[in-house]
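So you can see what is in the structure, the chains are spelled out below.
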Amino acid sequence: MGNVFVFDHPLIQHKLTHIRDKNTGTKEFRELVDEVAMLMAFEITRDLPLQETEVETPVTKAKAKVLAGKKIGLVPILRAGLGMVDGMRKLIPAAKVGHVGLYRDPETLKPVEYYIKLPSDIEERELIVIDPMLATGGSANDAIHSLKKRGAKHIRLMCLIAAPEGVELVQKEHPDVDIYLAALDEKLDERGYIVPGLGDAGDRLFGTK
Ligand SMILES: O=P(O)(O)OC[C@H]1O[C@H](OP(=O)(O)OP(=O)(O)O)[C@H](O)[C@@H]1O
Ligand SMILES: O=c1cc[nH]c(=O)[nH]1
Ligand SMILES: [Mg+2]
């Protein structure tokens, strides 16, 4: 079964509190999601392999380390996942970005795929699927199936907030996928919203309603 990691870094938790706040407006919400995504990118890349190199400082030659060149792909689930891409790319500028367009039907809560565009070499990349919200898990589950069908071999899932139901579904369907979160919340309400959550992430990011 895949692992679940909750990033408890104080800066992530502090900013998440403001993201949750219903009085936080679109501009600040977007900025905070961007910042938390950057901090989460810092945490999720802890295990990237390094290799030895040598560098000449103004004083002398030094043994040093550089990234060993593992290829990374970011795959935001549209729309809300887009809000986390720029923050992550600030720290991982060489990552290629694929897009999976999915929306959750408000009646059935089932995901509907409307777009997909991926880097051509996804099978060689460590893919990080990004979405602020993991609610029933239907959207992330479908996105991961879509990536695997197209050859992806190494996938992680990174979300701001998850409900237990979503974590359970992804763990059942994709035991090879680790899940990285800023918070694991209590439950879903009758409309499939995460409680306490942050409301509708896409609407709050883009000012729609
Ligand atoms: O785990 P699930 O139950 O599938 O719910 C989570 C999905 O719902 C939201 O997207 P939404 O359908 O609102 O689309 P949007 O990003 O375009 O607003 C969210 O960003 C996830 O993609
Ligand atoms: O709480 C939720 C659940 C699904 N999608 C959201 O944006 N928020
Ligand atoms: Mg939405």
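Residues numbered from 1 in each chain as written. Chains lettered and ligands numbered in written order. Predicted model: local features only at pLDDT ≥ 70, side-chain atom pairs only at ≥ 80, totals over all residues. Heavy atoms only, no water.

1. Description of helix α2 (residues 26–44)
Point 1. Under the 1.5 Å per step criterion, the end-to-end length of α2 is 26 Å for 19 residues, consistent within 8% with the ideal 27 Å.
Point 2. Those residues of α2 that sit buried are Phe 29, Leu 32, Val 33, Asp 34, Val 36, Ala 37, Leu 39, Met 40, Ala 41, Glu 43 and Ile 44.
Point 3. Each element contacted by the buried residues of α2 is listed here: α1 (10–20), α3 (85–91), β8 (126–130), β10 (154–162), β11 (178–184) and α6 (201–206). (Helix = DSSP H or I, 4+ residues; strand = E, 2+ residues; numbered from the N terminus. Expected span 1.5 Å × (residues − 1). Buried < 20%, exposed > 50% of the residue type's maximum accessible area, 1.4 Å probe, protein only. Contact = heavy atoms within 4.5 Å.)

2. Here we look at the pattern of salt bridges
Point 1. In total, this model carries 14 salt bridges according to the counting rule given.
Point 2. Put simply, Asp 121 and Arg 125 hold a salt bridge, and the shortest N to O gap is 2.9 Å. Both residues of the pair, Asp 121 and Arg 125, count as buried.
Point 3. The network of salt bridges with common partners includes Asp 47, Lys 70, Glu 126 and Arg 156. (Salt bridge = Lys/Arg side-chain N within 4 Å of Asp/Glu carboxyl O.)

3. Details of the UniProt feature "domain: Phosphoribosyltransferase" (unreviewed entry) in the protein chain
Point 1. According to UniProt, the "domain: Phosphoribosyltransferase" (unreviewed entry) feature falls on residues 6–208.
Point 2. Taken end to end, residues 6–208 is 32% helix and 32% strand, and its two terminal C-alpha atoms sit 29 Å from one another. (UniProt positions renumbered as here; feature names shortened; annotations may be inferred.)

4. Brief notes about the confidence of the model for the protein chain
Point 1. Averaged over every residue, the pLDDT of the protein chain is 97; the share at 70 or more is 100%.
Point 2. Scored as a whole, the predicted complex attains pTM 0.96, and scored at its interfaces, ipTM 0.97. (pLDDT = per-residue confidence, 0-100.)

5. Examining unusual backbone geometry
Point 1. The step from Leu 78 to Arg 79 runs through a cis peptide bond, and the omega angle for that step is -10°.
Point 2. The residue Leu 109 is not glycine, and still its phi comes out positive at about 65°.
Point 3. As for its position among the elements, Leu 109 is in the loop between β6 (99–104) and β7 (111–117).
Point 4. Look at Leu 109 and you get partly exposed, because its relative accessible area is 22%.

6. Quick word on empty space enclosed by the protein
Point 1. With the rule as written, the count across this model stands at 1 cavity of 30 Å³ or more.
Point 2. Roughly 40 Å³ of internal volume is contained in the largest cavity.
Point 3. Taken together, Ile 44, Thr 45, Asp 47, Leu 48, Ile 72, Glu 126, Ile 128 and Arg 156 make up the lining of the largest cavity.
Point 4. In terms of residue class, the lining of the largest cavity is made up of 4 nonpolar, 1 polar and 3 charged. (1 Å grid on protein atoms, 1.4 Å probe; cavity = no way out; pocket = protein on both sides within 12 Å on 5 of 7 lines; lining within 4 Å. Points joined across faces, edges and corners; volume = space filled by probe spheres on them. Nonpolar A, V, L, I, M, F, W, Y, C, P; charged D, E, K, R; others polar.)

7. Focus on the site of ligand 2
Point 1. All residues adjacent to ligand 2 are Arg 104, Met 133, Ala 135, Gly 192, Tyr 193, Ile 194, Gly 199, Asp 200 and Ala 201.
Point 2. Here Ala 201 contributes a backbone N or O atom positioned 2.8 Å from an oxygen atom of ligand 2.
Point 3. The protein chains hide 87% of the 240 Å² of surface that ligand 2 would expose on its own.
Point 4. More than half of the atoms of ligand 2 fall within 2 Å of the grid points belonging to the largest pocket.
Point 5. Grouping the constituent residues of the shell around ligand 2 by class yields 5 nonpolar, 2 polar and 2 charged. (Near = heavy atom within 4 Å. Polar contact = N/O pair within 3.5 Å; in protein donor to acceptor, adjacent residues only side chain to side chain. Areas by Shrake-Rupley, 256 points an atom, 1.4 Å probe, with all protein chains shown as cover. Sits in = over half its atoms within 2 Å of the grid points.)

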